[in-house]
2 protein chains.
Amino acid sequence: MAAWMRLKYPHVVLGALASSAPILYFDHIIPQDAFYAVVSKDFKDVSQNCHDVIKKSWSEMDRLSLEKNGLLLLSQAFNTCRELKSVEELKSRLADFYVVAAQYDLYPIPDICKSVDQAWKQSNNTLKCLRAALDAIFGTDCFSLDYSIYSHETEEGWDWQTCSEMVMPLGSSNETMFYPNPFILANFSDSCMRKYGVRPKADWIISYFGGQDIKLVLKRFGSNIIFSNGLIDPYSSGGVLEDLSDTLVALKAQQGSHCFDLYPASGNDPEWLVKIKAEEVKIVAAWLEDYYKDLGGLILKKV
Amino acid sequence: MAAWMRLKYPHVVLGALASSAPILYFDHIIPQDAFYAVVSKDFKDVSQNCHDVIKKSWSEMDRLSLEKNGLLLLSQAFNTCRELKSVEELKSRLADFYVVAAQYDLYPIPDICKSVDQAWKQSNNTLKCLRAALDAIFGTDCFSLDYSIYSHETEEGWDWQTCSEMVMPLGSSNETMFYPNPFILANFSDSCMRKYGVRPKADWIISYFGGQDIKLVLKRFGSNIIFSNGLIDPYSSGGVLEDLSDTLVALKAQQGSHCFDLYPASGNDPEWLVKIKAEEVKIVAAWLEDYYKDLGGLILKKV
């Protein structure tokens, strides 16, 4: 949004730090499963076995849910805080757990995978492996099905955005460690109609801000934008990951998560994070220097 | 508008030829009488006496209108096609005549001033001088009070624009050869309310497209715009008259009128006009060359 603000209001905004800005995640510029592919890669990079166990687990859940008292058995297997209403509820909650682990680096993927891998050695039972991972993260707490890391306002606000102006075609496929859940615009549109009485404008972002061939556009038009992305953040798949010009700069951090560079310095920041923030400050300082140089020139001319 | 289109939709519009684009005629970036000052200069450059006679004529009309049968006398003096309803009607029609002469080079100012100056030598009567000028232009035709060079649609369309989004504070002052007629936003707003039931958004252009310090903004942001202005066009007062960067170029023509470079070649085009059009084609060709070069690079990368 910072990048778009700079593009549309260069007379108001001198420059933008567009952190984790997936400006290419529209109109199928990138594959719709790119988001879930990054999460899968994050897990695979830590442990191929962990990735494979998760990938196998979905059909296992489906299978168990069809048994007698299947949902109760599943609820017990995952220590859910209340009994499951459907297997989809569990699958969607677990998918969310993996996404949040990657996107915000909230639950360390190495911790999750360590538990999965250890359990795998003992039993080769995918569901037991996942239970072990949840226990490692949540301790003796039950696994809440109704918890979200977002406030209700954030959740509803973002949901409304995706139903109106910011339609991101996010869908998972068999190529990822997730269960197939393709994005189908017509279905999505119907759900928006039910929830908010609106139909999403799927091509608005592209026609208003551009997107197709955005690199071509930005190279000769636009300036003063830092596109920063943490590469473990699944949204980085829709980000600008290469410099487009001297003042349209891409910064990448291998270990960075979503908006990793926007948090205040903690004192515990790793060296790579300290370095990238310093780089950003240096770039913005150079923009300001140019600005005041230009301004000085104009003032001198007026005298 | 072409410049604004390029600024807001660089992904749709590769470049713009912004001919006679008064993008600085908003929010009092330039003096409100700048428009009328250019018309006055156009007349003064041809003949100081002609300019002075016109400047003196307004009070003469006011004086005569107050005499017994004053409006009838004025109507006869100017050979109007019907009797005048007020002196303001005549003053406003004459002001329009001078503006149109300058803006569109529709009535040659040298012809107008030649008649004024010749008549002045014979009588020193300002109104007789102006009548001589009208006769020179319109021959034996009466002077229509209800004529406009614009179609009704154009007139109404533009009027609506100025009452909604494009509020240009155009007012004449004593510094010009016109009678003082300052632009007062409150009065203008009331007239818009009466005519269209709307109040103008006087600061919309500036906040949406920029304007204040636009040179500062465009120098570091924006590309591929030709700002062309004919300097006898009064709107050139609100135009960009100097290069801002390599691809934000100002072209000026001393003798050019409003949108002088947008008409098809006539075969009678003077040399300076042929030259300026060729320059424009050359610049646009270079933009296209850059574009295809960039495009080629991208295609090569994809392969």
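Summary of the structure given here. All figures in this text were calculated on a predicted structure; none of them were measured in a lab.

Concerning the environment of B:Tyr291
Residues and elements named next belong to chain B.
Now for step 1: Within the element layout of this structure, Tyr291 appears in helix H12 (residues 271-302).
Now for step 2: Here Tyr291 falls in the partly exposed class, since its relative accessible area comes to 28%.
Now for step 3: Considering only alpha carbons, one finds Tyr291 and Leu14, 277 residues apart in sequence, at a separation of 8.2 Å.

As for the interface of chain A and chain B
Now for step 1: With 27 residues of chain A at the contact, the number on the chain B side is 27 residues.
Now for step 2: Taken together, both faces of the contact between chain A and chain B bury some 2500 Å²; the carbon and sulfur share is 59%.
Now for step 3: Considering only the side of chain A, the residues that lose the most area to chain B are A:Leu216, A:Arg220 and A:Phe221, jointly responsible for 29% of the buried surface there.
Now for step 4: Taken together, the links from chain A to chain B amount to six salt bridges.
Now for step 5: A salt bridge links B:Arg220 to A:Asp290, with the nearest nitrogen and oxygen atoms 3.8 Å apart.

Overview of the relation of the copies chain A and chain B
Now for step 1: Least-squares fitting of chain A to chain B yields an RMSD of 0.1 Å, with the transformation described by 0.1 Å of translation along the axis and a rotation of 179°. The symmetry that links the two subunits is that of a two-fold axis.
Now for step 2: Taken as a fraction of all interface residues of chain A, those also at the interface in chain B reach 96%, which identifies the copy contact as same-surface.

Remarks on the state of the cysteines
Now for step 1: What the rule picks out here adds up to six disulfides over all chains.
Now for step 2: Here A:Cys50 engages in a disulfide with A:Cys113; their sulfurs sit 2.1 Å apart. Negative torsions about the S-S bond denote left-handed disulfides, and the value of about -70° found for A:Cys50 with A:Cys113 makes this one left-handed. In this pair, A:Cys50 is assigned in helix H3 (residues 48-65) and A:Cys113 in helix H6 (residues 109-123), connecting sequence segments 63 residues apart. A single burial state applies to A:Cys50 and to A:Cys113, both of which are buried.
Now for step 3: The disulfide partner of B:Cys81 is B:Cys142, and the gap between their sulfur atoms is 2.0 Å. The S-S bond linking B:Cys81 to B:Cys142 shows a torsion near 100°; that makes this disulfide right-handed. On the criterion of sequence distance, the pair formed by B:Cys81 in the loop between helix H4 (70-77) and helix H5 (87-103) and B:Cys142 in the loop between helix H7 (126-138) and helix H8 (152-163) is long-range, its members being 61 residues apart.
Now for step 4: When its relative accessible area of 38% is taken as the criterion, B:Cys81 is described as partly exposed.

A short note on unusual backbone geometry
As a rule of thumb, non-glycine residues mostly have phi less than zero, and peptide bonds are mostly trans rather than cis.
All names here are of chain A.
Now for step 1: Backbone geometry at His28 places phi at a positive 60°, although glycine is not the residue there.
Now for step 2: Note on placement: His28 falls in the loop between strand E1 (16-19) and helix H2 (34-46).
Now for step 3: One non-glycine residue, Asn124, lies in the positive phi region at around 55°.
Now for step 4: As for its placement among the helices and strands, Asn124 is situated in the loop between H6 and helix H7 (126-138).

Structural notes on the side chain of B:Asp42
Residue and element names in this part refer to chain B.
Now for step 1: Inspection of the secondary structure puts Asp42 in helix H2 (residues 34-46).
Now for step 2: With no salt bridge to any partner, buried Asp42 finds its closest opposite charge in Lys41, at an N-O distance of 5.9 Å.
Now for step 3: Residue contacts for Asp42: discarding those within four places in its chain leaves Ala102, Ile109, Leu231 and Ile232.

Digging into the packing of aromatic side chains
Now for step 1: In this structure the tally under the stated criterion is 51 aromatic pairs over all chains.
Now for step 2: A centroid spacing of 5.9 Å and a plane angle of 80° characterise the contact between A:Tyr9 and B:Tyr208, whose relative ring orientation is edge-to-face. Of the two residues, A:Tyr9 is situated in the loop between helix H1 (2-8) and E1 and B:Tyr208 in helix H10 (residues 204-209); the pairing between them involves two chains.
Now for step 3: According to the relative accessible area criterion, B:Tyr208 is buried, its value standing at 17%.
Now for step 4: Ring geometry for A:Phe35 and A:Tyr36: centres 5.1 Å apart, planes at 70°, overall edge-to-face. With respect to class, A:Phe35 is no different from A:Tyr36; both count as buried.
Now for step 5: Above the ring of A:Tyr9, the side-chain terminus of B:Lys8 is found at 4.1 Å from the ring centroid.
Now for step 6: Directly above the aromatic system of B:Tyr208 lies the positively charged group of B:Lys8, at a separation of 4.2 Å from the ring centroid.

Quick notes on the sheet that holds strand E1 (residues 16-19) of chain B
Residues and elements named next belong to chain B.
Now for step 1: Strand order in the open sheet formed by three strands is E1-E2-E3, and the pairing between neighbours is parallel. The open sheet is flanked by E1 and strand E3 (248-253), the only strands paired with a single partner. In this sheet, neighbouring strand axes are inclined to one another by 20° on average, regardless of whether the strands run parallel or antiparallel.
Now for step 2: Where E1 meets strand E2 (residues 225-230), four bridges bridge the pair, whose relative direction is parallel. Looking across to E2, one finds that Ala18 is bridged to Phe227.

Let's talk about H4(B)
All names here are of chain B.
Now for step 1: Of all the positions in H4, only Gly70, Leu74 and Ser75 are classed as buried. On an axial view of H4, the arc spanned by its buried residues comes to 135°, and they lie on one face.
Now for step 2: Its buried side turned inward, H4 meets helix H3 (48-65), H5 and H7.
Now for step 3: A positive backbone phi angle near 50° is found at Asn79, which sits one or two residues after H4.

Here's the deal with the pairing of strand E2 (residues 225-230) of chain A
Every regular strand shows the same layout, with side chains that alternate between the two sheet faces.
All names here are of chain A.
Now for step 1: Of all six residues in E2, six are buried, a share of seventy percent or more.
Now for step 2: Judged by which residues are buried, E2 turns out to be covered on both faces: Ile225, Phe227 and Asn229 on one side and Ile226, Ser228 and Gly230 on the other are all buried.
Now for step 3: As defined by bridge partners, E2 adjoins strand E3 (residues 248-253) across six bridges and the pair is classed as parallel. Within E3, the position partnered with Asn229 by the bridge is Lys252.

Calculation rules
Residues numbered from 1 in each chain as written. Chains lettered and ligands numbered in written order. Predicted model: local features only at pLDDT ≥ 70, side-chain atom pairs only at ≥ 80, totals over all residues. Heavy atoms only, no water. Helix = DSSP H or I, 4+ residues; strand = E, 2+ residues; numbered from the N terminus. Buried < 20%, exposed > 50% of the residue type's maximum accessible area, 1.4 Å probe, protein only. Contact = heavy atoms within 4.5 Å. Buried area = accessible area lost by both parts, 1.4 Å probe. Salt bridge = Lys/Arg side-chain N within 4 Å of Asp/Glu carboxyl O. Least-squares fit on C-alpha atoms with pLDDT ≥ 70 in both. Disulfide = S-S within 2.5 Å. Lys, Arg positive; Asp, Glu negative; His and termini not counted. Phe/Tyr/Trp six-rings, centres within 6.5 Å; stacked < 30°, edge-to-face > 60°. Lys NZ or Arg CZ within 6 Å of the ring centre and 35° of its normal. Pairing = 2+ DSSP bridges. Axes fitted to C-alpha atoms, helices over the stretch in contact; angles between N-to-C directions. Arc of directions from axis to C-beta.

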